[in-house]
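Structural overview for review
Residues per chain are reported as follows:
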Amino acid sequence: MSRRIIEILVMASILAVTLMIYIGRRNDWFGIIELSTGASIVVILLLTAGLGWVMVRTIQGHPAERRMVFLFIGIAITVPFFMSLTQKMSVSPETTELMNGLEALPPGSRVLVTFDYDPASAPELQPMAESFFRYAFDHRFKVIIMGLWPQGPTQANQALAVVLADEKYKAMNLQYGIDYVNLGFQSGNEFVIQRIGSDFQSMFRVDFSGTPYDQIPLVKNIKNFSNIDYSFNLSAGYPGTREWVLIAVDRYGLKMGAGNTAVQTTGMYPYVRSGQLIGILGGMNGAAEFEEATGYLGKGTRFMLSQSFAHMIIIVFILIGNVAYFMHERKRK
Amino acid sequence: MRREIPLLITGIAGVVFVIQYFIPHFPFNRLSNWFSDWFSIVSACAIWLGALNLIKISVEKIAYKRHDWGYSIIVVGCFLLMLFFGFIHWQDSREPGLPFIWMYDYVYTPLSATMFAILAFFVGSASYRAFRARNLEATLLLLAAFFVMLGRVPVGDVLTGFLPEQFQLSQVAAWIMNFPNSAGQRAIIIGIALGIVSASLRIILGIERSHLGGE
């Protein structure tokens with residue numbers, strides 16, 4: 001059997017199993033699949049044994065090929081979804097700083113939440129958005145949503161739908177246009193930030209659903225950034241946190257915290273250190289820390305087990321790669 | 001005139017934006033707002049231009065059966081499908097339960113997230129092949145990656161739980177991010193800023209003309 005056919009068969013099998021699990025869950029054929037602690041430990045031991053085998057093969061002069069790395073990463077990411085193990089999250093100084101900034105806001109504060117990302121970054125940023133909305137509604141903040149990415153406001157609606165479906169928030173009887181509003185997307189990148197810094201309405205004549213700006217009670221008296229008490233930016237690239245810091249924070253003095261994808265976070269640390277950003281949440285870890293700090297444990301916390309496993313596997317493969325380098329590759333050179 | 005007029009517009013807009021930053025009063029604030037509005041209009045048109053360009057390229061690929069033309073059929077099909085769902089309910093198309101938003105929630109979102117998730121595999125593979133202790137610099141990079149990757153997940157603190165708090169991996173990772181990383185990032189930001197200032201001045205003054213398609 002050719003390699004191509006084997007690859008197709010493997011892909012078809014994975015697809016079939018995934019579909020069966022999905023259909024089974026939809027029709028309640030079985031409950032939530034969860035490995036017990038004992039079974040989880042067995043899986044960890046098997047993974048360790050597998051890595052040990054790869055290490056031995058490497059020492060023997062048969063370094064692992066790329067597919068082996070992919071296989072272990074795939075297992076490390078997917079299997080922990082079904083594990084019942086829990087981890088203790090520690091909260092970083094950057095998340096604590098962000099929480100301190102939020103806690104300083106009195107009830108009724110007008111908070112601008114900007115969604116500058118698309119579904120590709122949703123696994124990292126959506127849990128932050130959901131936790132932020134929960135925190136904001138619990139503390140009676142008035143939430144104004146907008147986006148510089150076309151998909152941003154729709155991501156906001158997804159997060160809102162999850163939060164507002166909760167019985168606790170249903171009971172609060174939150175009103176669109178009074179307690180929260182989604183102004184939608186506006187093209188123009190940093191020029192939009194600059195423009196709303198002096199005149200909000202000039203960029204958002206209508207909201208996401210077409211209601212004129214001056215007919216929305218929450219925003220009709222908001223002229224510019226001086227009427228906004230705090231801003232929280234969720235960003236996955238350009239335009240994003242950097243542009244908000246350069247224009248809204250530096251020029252107009254807006255107080256701002258941010259949640260970024262892990263890839264982007266490293267570049268934002270100088271702004272946190274200088275005080276231009278009041279705290280930052282970095283990637284899935286930041287989402288989990290924020291959930292820990294706010295007390296709303298959700299997807300961020302749940303997915304951290306996968307991230308722990310994946311990081312461990314990558315580190316072991318880095319070690320294996322160096323063993324291969326020192327024992328074989330360097331000698332050959 | 002095809003070169004002079006764009007150069008004139010660029011020069012005037014550039015100078016206005018520089019001046020209005022320091023003097024945000026009439027007439028510079030008015031001019032700046034005017035240019036900003038035009039930028040938004042041009043950006044919005046660029047979205048359409050991008051979409052139409054994508055369709056043009058994909059249709060040409062299908063028509064001439066170029067390499068991987070089958071994927072282009074999916075691109076055009078999905079584009080037209082989303083367009084159709086978007087237009088049939090017009091302003092309300094993004095209301096929950098309607099086909100456009102259903103496709104966004106249950107097709108576009110998981111597919112995009114899946115594409116981004118593939119990054120994990122590439123990071124794993126690239127780390128395995130690239131993080132080799134070949135020399136001092138590479139070893140430092142390797143150690144930084146080691147501490148940050150372990151320190152950014154809870155398992156890092158579990159492994160070093162027996163150490164005093166300031167030596168636990170999360171603290172070591174935080175130190176690396178806050179000091180060496182911030183210092184390096186600052187240097188990069190300053191370098192980029194100086195480069196942008198220099199490039200902007202060249203464009204405003206008309207010295208740099210490559211954006212017009214010239215040399």
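Every value quoted in this text rests on a predicted model; they were computed, and no experiment measured them.

**Remarks on the side chain of Ser-32 of chain B**
- Looking at where Ser-32 of chain B falls in the secondary structure, it is placed in helix α2 (residues 28-63).
- What makes Ser-32 of chain B buried here is its relative accessible area of 2%.
- Beyond its immediate sequence surroundings of up to four residues, Ser-32 of chain B is in contact with Gln-194 of chain A together with Val-16, Phe-17 and Gln-20 of chain B.

**Quick notes on the packing of aromatic side chains**
- Considering all chains together, one arrives at 29 aromatic pairs over all chains under this definition.
- With 5.5 Å between their ring centres and 80 degrees between their planes, Tyr-176 of chain A and Tyr-180 of chain A make a pair best called edge-to-face.
- In this structure Tyr-176 of chain A comes out as partly exposed when scored by relative accessible area, which is 38%.
- Among the residues examined, Tyr-180 of chain A registers a relative accessible area of 10% and is labelled buried.
- Centroid distance Phe-317 of chain A to Tyr-128 of chain B: 5.5 Å. Interplanar angle 80 degrees. Geometry classified as edge-to-face. Note that Phe-317 of chain A is positioned in helix α14 (residues 299-332) and Tyr-128 of chain B in helix α4 (residues 99-130), a pairing that runs across two chains. Across the pair, Tyr-128 of chain B and Phe-317 of chain A agree in class, each one buried.
- The rings of Phe-115, Tyr-117, Phe-133, Phe-137, Tyr-169, Tyr-176 and Tyr-180 of chain A are connected pair by pair, giving a single aromatic cluster.

**Looking at a nonpolar patch on the surface**
Residues and elements named next belong to chain A.
- Residues Leu-15, Val-17, Leu-19, Ile-21, Tyr-22, Ile-23, Trp-29, Phe-30, Ile-33, Phe-81 and Phe-82 make up a contiguous nonpolar surface patch of about 1,000 Å² in total accessible area.
- Of note, Val-17 is situated in helix α1 (residues 3-26).
- The class of Val-17 is partly exposed, set by a relative accessible area of 47%.

**A word on the pattern of salt bridges**
- All chains considered together, the criterion is met by 9 salt bridges over all chains.
- With a shortest N-O distance of 3.0 Å, Asp-166 of chain A and Arg-134 of chain A are connected by a salt bridge. In this pair, Asp-166 of chain A sits in the loop between α6 (152-164) and α7 (167-171) while Arg-134 of chain A sits in helix α5 (residues 122-138), placing the two residues 32 residues apart along the sequence.
- Overall, Asp-166 of chain A belongs to the partly exposed group, its relative accessible area being 26%.
- Residue Arg-202 of chain B is joined to Glu-208 of chain B by a salt bridge in which the shortest nitrogen-to-oxygen separation is 3.6 Å.
- The structure contains a network of salt bridges with shared partners spanning Glu-7, Glu-65 and Arg-67 of chain A.

**Regarding the interface of chain B and chain A**
- The partner chain A presents 62 residues to the 55 residues of chain B that form the contact.
- With both chains or domains summed, chain B and chain A bury close to 5,200 Å², and 62% of this area falls on carbon and sulfur atoms.
- Looking at the side of chain B facing chain A, the largest losses of area belong to Tyr-128, Arg-152 and Pro-154 of chain B, adding up to 14% of the total buried there.
- Linking chain B with chain A are 1 salt bridge, by the criterion used here.
- Where Asp-37 of chain B meets Arg-195 of chain A, a salt bridge forms, and the shortest distance between an N and an O atom there is 2.9 Å.
- Along the contact surface separating chain B from chain A lie 18 residue pairs in polar contact (both at pLDDT 80 or more).
- Elements represented by at least two residues in the side of chain B that touches chain A include exactly α1 (4-22), α2, α4, α5 (136-151), α6 (154-159) and α7 (169-204) of chain B.
- Each residue belonging to the side of chain B that touches chain A can be placed in one class, and the counts come to 29 nonpolar, 17 polar and 9 charged.

**Examining the layout of surface pockets**
- Of the volumes computed, that of the second largest pocket is approximately 1,700 Å³.
- Forming the boundary of the second largest pocket are 37 residues, of which Glu-190 and Phe-191 of chain A together with Phe-17, Ile-196 and Ser-200 of chain B lie nearest the centre.
- Elements that contribute at least two residues to the lining of the second largest pocket include exactly α8 (190-198), α10 (241-249) and α12 (269-273) of chain A together with α1, α2 and α7 of chain B.
- Among the elements that take part in the lining of the second largest pocket, α7 of chain B stands out by supplying 11 residues, more than any other.
- Of the residues belonging to the lining of the second largest pocket, the class tally is 25 nonpolar, 7 polar and 5 charged.

Rules used in this analysis
Residues numbered from 1 in each chain as written. Chains lettered and ligands numbered in written order. Predicted model: local features only at pLDDT ≥ 70, side-chain atom pairs only at ≥ 80, totals over all residues. Heavy atoms only, no water. Helix = DSSP H or I, 4+ residues; strand = E, 2+ residues; numbered from the N terminus. Buried < 20%, exposed > 50% of the residue type's maximum accessible area, 1.4 Å probe, protein only. Contact = heavy atoms within 4.5 Å. Phe/Tyr/Trp six-rings, centres within 6.5 Å; stacked < 30°, edge-to-face > 60°. Patch = residues over 30% accessible without salt bridge, like charges linked within 9 Å, V, L, I, M, F, W, Y side chains within 5 Å. Areas by Shrake-Rupley, 256 points an atom, 1.4 Å probe, with all protein chains shown as cover. Salt bridge = Lys/Arg side-chain N within 4 Å of Asp/Glu carboxyl O. Buried area = accessible area lost by both parts, 1.4 Å probe. Polar contact = N/O pair within 3.5 Å; in protein donor to acceptor, adjacent residues only side chain to side chain. Nonpolar A, V, L, I, M, F, W, Y, C, P; charged D, E, K, R; others polar. 1 Å grid on protein atoms, 1.4 Å probe; cavity = no way out; pocket = protein on both sides within 12 Å on 5 of 7 lines; lining within 4 Å. Points joined across faces, edges and corners; volume = space filled by probe spheres on them.

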